[in-house]
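# Topology and contacts: notes
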Amino acid sequence: MSVVDKEQSQALIEEILQEYPEKALKSRKKHMTVVEPGADEKCGVSSNRKSIPGVMTIRGCAYAGSKGVVWGPVKDMLTISHGPVGCGQYSWATRRNYYTGITGVDSFGAMQITSDFQERDIVFGGDKKLEKLVDELEEMFPLSRGISIQSECPIGLIGDDIEAVSRKKAEEIGKPVVPVRCEGFRGVSQSLGHHIANDALRDWIYEKDVSASVQEAGPYDVALMADYNIGGDAWSSRRILEEMGLNVISQSTGDSTVAELANTAKAKLVLLHCYRSMNYIARYLEEKHSVPWTEFNFFGPTQIFKSMRKIASYFDESIQKRTEELIENKYKPLLQSVVDKYKSRLEGKKVMLYVGGLRPRHTIPCFKDLGVEVMLTGYEFGHGDDYQRTMEYLDDTTIVVDDMSEFEMEKFLSKLKPDLFGSGVKEKYQCQKAGVPFRQMHSWDYSGPYHGIEGFAIFARDMDMAINGQVWKHIKAPWKS
Ligand code: SF4
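### Some details on the side chain of glutamine 150
Summarising the element assignment, glutamine 150 is placed in strand S4 (residues 146–151). Reaching out from glutamine 150, the side chain makes a polar contact with the backbone nitrogen of lysine 67 at a distance of 3.3 Å.

### Remarks on the pattern of salt bridges
Summed over all chains, the structure comprises 35 salt bridges. Between arginine 181 and glutamate 183 there is a salt bridge; the shortest N-O distance is 3.2 Å. The class of glutamate 183 is buried, set by a relative accessible area of 0%. The closest approach of N and O atoms between glutamate 328 and arginine 309, which form a salt bridge, is 4.0 Å. Separated by 19 residues along the polypeptide, glutamate 328 in helix H14 (residues 317–346) and arginine 309 in helix H13 (residues 301–312) bring together distant segments of the chain. Using a relative accessible area of 34% as the deciding quantity, one classes arginine 309 as partly exposed. Several salt bridges converge on common partners, so that one network encompasses Lys428, Arg439, Asp445, Arg461 and Asp462.

### Side note on the sheet that holds strand S5 (residues 177–180)
Taken in spatial order, the four strands line up as S3-S2-S4-S5 in an open sheet, and their pairing is parallel. Either end of the sheet is taken by a strand with one partner, and the two such strands are strand S3 (113–114) and S5. For S4 and S5, the ladder comprises four bridges, and the chain directions are parallel. Counterpart to glutamine 150 in the pairing with S5 is valine 180. Set on the sheet, helix H8 (residues 162–173) makes contact with strand S2 (77–82), S4 and S5; between it and S5 the angle comes to about 170°.

### Details of the packing of helix H6 (residues 127–140) against H8
At a minimum axis distance of 10 Å, the contact between H6 and H8 shows a crossing angle of 25°. Taken together, the axes of H6 and H8 are roughly parallel relative to one another. Along this stretch, H6 crosses H8, giving a crossing that reads as right-handed. Between H6 and H8, the residues in contact are Asp127, Leu130, Glu131, Val134, Asp135 and Glu138 and Ile162, Val165, Lys168, Lys169, Glu172 and Ile173, respectively. In terms of residue class, the contact of H6 with H8 is made up of five nonpolar, no polar and seven charged.

### Quick word on the layout of surface pockets
Remark: the empty space left among the atoms is shown by a probe the size of a water molecule rolled over them. Taken as a whole, the largest pocket encloses approximately 1,100 Å³ of empty space. At the level of secondary structure, the elements contributing two or more residues to the lining of the largest pocket comprise helix H3 (62–71), helix H4 (86–90), helix H9 (190–206), strand S6 (221–227) and helix H19 (425–433). Among the elements that make up the lining of the largest pocket, the one with the highest residue count is H3 (four residues). Among the residues making up the lining of the largest pocket, the classes are represented as 17 nonpolar, 15 polar and nine charged.

Cut-offs and rules
- Residues numbered from 1 in each chain as written.
- Predicted model: local features only at pLDDT ≥ 70, side-chain atom pairs only at ≥ 80, totals over all residues.
- Heavy atoms only, no water.
- Helix = DSSP H or I, 4+ residues; strand = E, 2+ residues; numbered from the N terminus.
- Polar contact = N/O pair within 3.5 Å; in protein donor to acceptor, adjacent residues only side chain to side chain.
- Salt bridge = Lys/Arg side-chain N within 4 Å of Asp/Glu carboxyl O.
- Buried < 20%, exposed > 50% of the residue type's maximum accessible area, 1.4 Å probe, protein only.
- Pairing = 2+ DSSP bridges.
- Contact = heavy atoms within 4.5 Å.
- Axes fitted to C-alpha atoms, helices over the stretch in contact; angles between N-to-C directions.
- Parallel < 35°, antiparallel > 145°, perpendicular 65-115°, else oblique.
- Left-handed = near helix turned anticlockwise from the far one by under 90°.
- Nonpolar A, V, L, I, M, F, W, Y, C, P; charged D, E, K, R; others polar.
- 1 Å grid on protein atoms, 1.4 Å probe; cavity = no way out; pocket = protein on both sides within 12 Å on 5 of 7 lines; lining within 4 Å.
- Points joined across faces, edges and corners; volume = space filled by probe spheres on them.

As structure tokens, this is what we get:
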């Protein structure tokens, strides 16, 4: 039996679209579909296009993609939100990219550093202010290992030359100063911010020969890339790799350092978790430094075991043997005990997912391992290659929606009536008010990690708590029938 009925779902999409004016209807129609895996290799939705004005898109901007996602987590760098005060304030420590360190002394992840543009900076330009800010930062935080300048909207509009400031200041302070042109008006979502941030890594870290901490290369050196360590995710992934016998010389960018970024070029293999946000730099490292890369997925037992075997296949028999033993003797029994505990409580439940650029497909197996099916999934800023990759994760009829609006979300919730919706903080409270259990699939609702072995146990516990929580029995007042 299908998770959703194809005809009924298509009729639902038509019904939702009828609410839009003609032009918007035509555009949104291309971003929704009902897919049947196996019927066609392609997913068939249009993606990575401009959002329609006024429809309450859930998307963010290029600054969020660069500062919030890629550069902000590099813990020993000072991240300047360059422009007026808002962007840095709203993105201040709201993404749970965990790190170890003494904040304000040798690590700076959970700080808001801004040039706080005033009207005179817009009128006369902010380059002089930026130079002064770099001097002040160097004096106040001497243990920092570099600075990144994250451009907010006005910087690109008033013609400031932050590259010239960066070259000058990098020479003076003897540390990388990285200018990033991630003004929020560029592109259509967070996605271009990832690409711009990757290009800045290329131009201002790898092309500048920033020194790495690894001097002698080993045969099992790997780089864990594009894991932002949300709630400790990268740490639990790293534990698996190390138990397999691999030597993780770099994590990027969750809990990473400037030296670790530079180490990546010395790895034997780059392991890419979030394809969307860092495939650009992985491709560059392969081309320029001959480091191969491979994608993997550490969400839930099926994908963890598949990924471990895939990663081990790049190395010799000793690693492969150790991996098989680890799976059979330790991980299988551990993860089976989680399935035994929670599957009976979750089996047959149906979820809707709507996240950013990776999790709309990567978390599907985690649900499936617990007997939960996905009725609808969609990305804020996925591209065609993400939607294509999604097909391998679907084995039933599923609704796929790109760049969903809040209006569409409400309609899908009320008609599909899922047992759980996994999405972001902007969606959480209206969903719960509608009586539908909800888990945040960006911040893990302040829980996690969800990656790896311990991650699966926490994931299963959280989904069970949300779906089977007692509160849902008390939505209706007893005196109302
Ligand atoms: S769109 Fe511009 S002003 Fe808004 S958060 Fe992004 S950079 Fe800041």
